[in-house]
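# Summary of structural features
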Amino acid sequence: MYDVIIIGAGPAGMTAALYASRSNLSVLMIERGAPGGQMNNTAEVENYPGFDSILGPELAIKMYESAIRFGVENAYGIVQGITDHGEYKEVCTEDKNYQGKTVIIATGCVHRKLGVKGEEEFAGRGVSYCAVCDGAFFRNKRLIVVGGGDSAVEEAIYLTQFASEVTIVHRRDELRAQKIIQERAFANEKISFIWDSVVEEIKGNDMVVTGVQVRNVKTNEVTEEAAGGVFIYVGLDPLTEPFKASGLTNETGWIPTNEMMETTMPGVYAVGDVREKGLRQITTAVGDGSIAGQQVFDFIETQKDQQAVK
Ligand code: FAD
Ligand code: NAP
């Protein structure tokens, strides 16, 4: 029986592991791939305090080494679900079951892909899913943003501080984004819109993106738009399938928590990108992880006190 089982070894899970193990708790961290999570797919991180710039995989290794130095145990596995047995929880992978007094879910999310030609080919070479991460690399370039939700419109506004011009391509003639965010975009002289249109192909030369092919869904007219980068914001998918049966997710699949990272199941916490939250970044993931890593200690102490009273 472990004090804590952590599912996912991205920045959120690794920070939770650091805090819990440093409080002398026994910690098992289960990961389905290499530790580091989305940091492993990030070329350069320029907004993690303490580093002017660091490669994502390098930060992943540093965090991992730091996280395991107080005795965290690692296991490879794809978690399939959690069962609540009251005083303990059972976490099952494809081939093994683990028992823990508490569980921290840190499985993150994936950016939804557009699924068009050129998207994969130019990923990291002009195609991006993170303006905060990559925007500064596109100074004085024309950028295309795909999507019409809060993320697309907010990130388009953010990108105007670097880009010469930002064009939002949206499949309808009305944005989904909150009105206040829309108004800011409409008032921004650097932002233009291509309505009722979808990006059909991302084009480039041997090295980088040079433009997109756009089709108007009402007229079927096809145009070529020159651009130095394409930012895709067509939604995020949380990695929460294993936790739906336990009732931990909301109607859109995210895990709601309070600010102590507690879920609806006592002793089960959720941290990082998988949580229902506003800003999904490494900094906010480690912030969540530290809170949950501390909370599990308090939870276990309280359980001990209650058992002593009985
Ligand atoms: P993740 O990093 O997604 O880690 C989750 C881990 O859980 C993964 O390792 C996954 O394999 C594992 N997992 C998932 N499901 C299971 C399962 N069922 N069983 C076992 N393990 C499981 N943020 C910044 O602050 N600065 C940046 O510059 C930056 N650049 C980015 C660039 C890109 C291309 C991307 C995609 C994101 C970027 N981000 C950046 C966002 C940042 O990486 C995320 O906010 C952060 O990694 C979230 O951390 P997390 O620990 O919550 O989740
Ligand atoms: P979202 O709200 O799901 O919006 C996705 C957008 O992409 C929609 O406009 C959708 O078009 C479009 N889209 C989806 N699939 C597409 C495709 N295949 N081709 C072209 N366009 C496609 O996702 P999000 O903007 O990432 O937001 C996710 C959640 O985070 C939301 O709940 C949002 O409110 C929240 N969020 C909040 C804030 C904030 O409060 N400041 C900021 C960012 C995100 P349609 O409109 O036609 O469906």
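All values reported here derive from a predicted model rather than from experimental measurement. (Residues numbered from 1 in each chain as written. Chains lettered and ligands numbered in written order. Predicted model: local features only at pLDDT ≥ 70, side-chain atom pairs only at ≥ 80, totals over all residues. Heavy atoms only, no water.)

Another aspect to go through is the state of the cysteines. Counted according to the given criterion, the structure contains 1 disulfide. Two residues share a disulfide in this structure: Cys 130 and Cys 133, whose sulfurs sit 1.8 Å from each other. In this structure, the disulfide formed by Cys 130 and Cys 133 twists by about 65 degrees around the S-S bond and is classed as right-handed. You'll find Cys 130 and Cys 133 in the same group, each marked buried. Summary of cysteine pairing: Cys 109 is not part of a disulfide, and the nearest cysteine sulfur, belonging to Cys 130, is at 11 Å. (Disulfide = S-S within 2.5 Å. Buried < 20%, exposed > 50% of the residue type's maximum accessible area, 1.4 Å probe, protein only.)

Relative to the helices and strands, Glu 259 is located in the loop between α6 (241-244) and β19 (268-270). For Glu 259, a relative accessible area of 65% puts it in the exposed group. Separated by 210 residues in sequence, Glu 259 and Pro 49 place their C-alpha atoms 22 Å apart. (Helix = DSSP H or I, 4+ residues; strand = E, 2+ residues; numbered from the N terminus.)

Okay, the pattern of salt bridges next. Here the structure, examined in full by the defined rule, presents 14 salt bridges. Measuring nitrogen to oxygen at the nearest pair gives 3.7 Å for the salt bridge that ties Lys 117 to Glu 201. Residue Lys 117 is located in the loop between β9 (109-111) and β10 (127-128), and its partner Glu 201 is located in strand β14 (residues 197-204); the two are separated by 84 residues in the primary sequence. Overall, Lys 117 belongs to the exposed group, its relative accessible area being 59%. For Glu 201, a relative accessible area of 19% puts it in the buried group. Of the charged contacts, one joins Lys 244 and Glu 241 as a salt bridge, the two residues approaching to 3.1 Å between their closest N and O atoms. Placement of the pair is Lys 244 and Glu 241 together in helix α6, with a separation of 3 residues, close to one helical turn. (Salt bridge = Lys/Arg side-chain N within 4 Å of Asp/Glu carboxyl O.)

Right, let's get into the nonpolar core. One recurring pattern in soluble globular proteins is that nonpolar side chains are buried together. Val 4, Ile 6, Val 27, Leu 59, Met 63, Ile 104 and Ile 282 are the most contacted members of the largest nonpolar core, which totals 33 residues. Contributing elements (two or more residues each) for this core: β1 (2-7), α1 (11-22), β2 (27-31), α2 (56-67) and α7 (282-309). At 7 residues, the largest contribution of residues to this core is made by α7. (Core = buried A, V, L, I, M, F, W, Y, C linked by side-chain atoms within 4.5 Å.)

A few words on the site of ligand 1. The environment of ligand 1 is formed by 29 residues, the closest being Glu 31, Gln 38, Asn 47, Cys 133 and Asp 273. Pro 11 has a polar backbone atom sitting 3.2 Å from an oxygen atom of ligand 1. Coverage of ligand 1 by the protein amounts to 92% of the 1000 Å² it exposes when considered alone. Elements represented by at least two residues in the shell around ligand 1 include exactly α1, β3 (44-45) and α7. (Near = heavy atom within 4 Å. Polar contact = N/O pair within 3.5 Å; in protein donor to acceptor, adjacent residues only side chain to side chain. Areas by Shrake-Rupley, 256 points an atom, 1.4 Å probe, with all protein chains shown as cover.)

Near ligand 2 you find 15 residues, and of these Asp 150, Ser 151, Arg 171, Arg 172 and Arg 176 are the closest. One of the backbone nitrogen or oxygen atoms of Gly 148 is found 3.0 Å away from an oxygen atom of ligand 2. One nitrogen or oxygen atom from the side chain of Glu 154 is found 2.9 Å from a nitrogen atom belonging to ligand 2. Relative to its unbound accessible area of 910 Å², ligand 2 is 70% covered by the protein chains. Counted by class, the shell around ligand 2 contains 3 nonpolar, 7 polar and 5 charged residues. (Nonpolar A, V, L, I, M, F, W, Y, C, P; charged D, E, K, R; others polar.)

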